[in-house]
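The primary structure of each chain is shown beneath.
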Amino acid sequence: MGGCSAPNCSNSTTIGKQLFRFPKDPVRMQKWVINCRRDFLPTPCSRLCEDHFEESQFEEIARSPAGGRKLKPNAIPTLFDVPDPPSPISVKEVIHALDSETDTALGDHSYARKRLRGPEDPEQNGEEQGEKEEACKRCDQYKAQLEQQQLYNAKRLREVDEMRKKVHKLHKIEKSLQSFLFEDQIRALTLSKHSRRVVWSQDTVKSARRIRAAVGVKGYEYLRELGYPLPSYRTLCNRAQVPIIAELGLQAEITMICPESEEKPSALSMLQSPSPAAFVET
């Protein structure tokens, strides 16, 4: 950062001093240069620090965006450490400078000066009042929309809580079903009764055979009518053919190797003369 351009002054922002650029107005710039007692042409980077301005040259309330003090629109530096310093600005000069200001911004430091209002215009006041009423109406509309949105969000939150409770309940039911049903049986429960296309596992088939042997044919079919996930009798017969055929092939090999062995009941004879109570379908 650059420092102060005044003679015998080495202040800069590094030590906390605030710097002000030279005005672009040639008349005011010339006053600043003359008061500096320095013969030079200021550049865009030339600055004077706050120590060269009297307190009367600063705005009382206005602050810059960075939080620093602001100069008045036609501030003039008068505090310099030179052999022939400029005269300080009197109170009359300050009052005269303020009275001579117009609505047009003067100088480069007029950003701190607020424009003075003229006499109040009834039409302008009416327009301002109308704008305020319109803004209040829009504010009420936005407030009503916000309340509706809050009610909608509250309703959706209640629905989400209900769905979470249902999901938790379904998880508990699924765990309970897993205690006595296999995965394919639980999957079959999600399908309709007349459109079940389930690939039954071997464990399910074995369990179904035991249930059919325990409750009988009518009891087994009654369970299926109630919706209990069990394979049909045809599925049980089809799944039972594979081990029977394998047993028949093994029996034929044994007969060819040992023709004089004692004849034993084969799986084929058992298949041809099944037990009446085992495969009767009603």
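From a predicted model like this one, the values you see are computed outputs, not experimental measurements. What you see as residue numbers is a count from 1 along each chain, following the sequence as written. Residues qualify for local features only when their pLDDT is at least 70, as the model is predicted, and side-chain atom pairs are given and counted only at 80 or more; totals for whole chains, interfaces and linings, by contrast, use all residues. For the side-chain quantities, the full set of heavy atoms in the structure was used; hydrogens and water were omitted.

Caption draft 1: Spatial organisation of unusual backbone geometry. Despite not being glycine, Asn8 has its phi angle at roughly 60 degrees, a positive value. The secondary structure listing takes helices from DSSP runs of H or I that are at least 4 residues long and strands from runs of E that are at least 2 residues long, numbered from the N terminus. Within the secondary structure, Asn8 is located in the segment before β1 (19–21). When a residue's accessible area, from a 1.4 Å probe over protein chains only, is under 20% of the maximum for its type it is buried; when over 50% it is exposed; and in between it is partly exposed. Overall, Asn8 belongs to the exposed group, its relative accessible area being 64%. Positive phi values are uncommon outside glycine, yet Arg37 reaches one of about 60 degrees. With respect to the helices, strands and loops of the structure, Arg37 is situated in the loop between α1 (26–36) and β2 (47–49). By relative accessible area, Arg37 is classed as partly exposed at 37%.

Caption draft 2: The arrangement of the nonpolar core in detail. Core analysis: the largest hydrophobic core is formed by 19 residues, its most contacted members being Phe22, Trp32, Leu48, Phe53 and Leu71. At three residues, the largest contribution of residues to this core is made by α1. Note on contacts: a residue pair qualifies if any of its non-hydrogen atoms lie within 4.5 Å across the two residues. With near-sequence residues (within four places) excluded, Phe53 lies in contact with Phe20, Trp32, Leu48, Phe58, Leu71, Ala75, Ile76, Pro77 and Leu79. Ranked by size, the runner-up nonpolar core spans nine residues in total, among them Ala188, Trp200, Val205 and Leu230. For this analysis, a nonpolar core means a set of buried residues of the types Ala, Val, Leu, Ile, Met, Phe, Trp, Tyr and Cys, connected via side-chain atoms within 4.5 Å.

Caption draft 3: Inspection of α1 at higher detail. Looking at α1, one finds that the buried residues are Arg28, Trp32, Val33, Asn35 and Cys36. Taken around the axis of α1, the buried residues stretch over an arc of 165 degrees, which confines them to a single face. In α1, the exposed positions that point more than 90 degrees away from the buried face belong to Pro26 and Val27. Elements in contact with the buried residues of α1: β1, β2 and β4 (69–71). Just downstream of α1, Arg37 is the residue with a positive phi angle, here 60 degrees. Think of it as the arc spanned by the lines of direction from the helix axis to the C-beta atoms.

Caption draft 4: Here's a closer look at the packing of aromatic side chains. Paired rings are identified among Phe, Tyr and Trp, the last through its six-membered ring, by centres lying within 6.5 Å, and are further divided according to the angle between planes into stacked (under 30 degrees), edge-to-face (over 60) and tilted (the rest). Scanning all chains against the criterion turns up six aromatic pairs. With a centroid separation of 6.0 Å and 55 degrees between ring planes, the pair formed by Phe20 and Phe58 is classed as tilted. Highlighted residues: Phe20 in strand β1 and Phe58 in strand β3 (residues 58–63), separated in sequence by 38 residues. Across the pair, exposure class does not vary: Phe20 and Phe58 are buried alike. A connected cluster of aromatic rings, assembled from ring pairs, spans Phe20, Phe22, Trp32, Phe40, Phe53 and Phe58. Only when the NZ of Lys or the CZ of Arg is both within 6 Å of the ring centre and within 35 degrees of the ring normal is a charge said to sit over the ring. The residue whose ring lies beneath Arg38 is Phe40, and the NZ or CZ to ring-centre distance is 4.3 Å. In this structure, Arg69 packs its charged tip against the face of Phe58, placed 4.0 Å from the ring centre.

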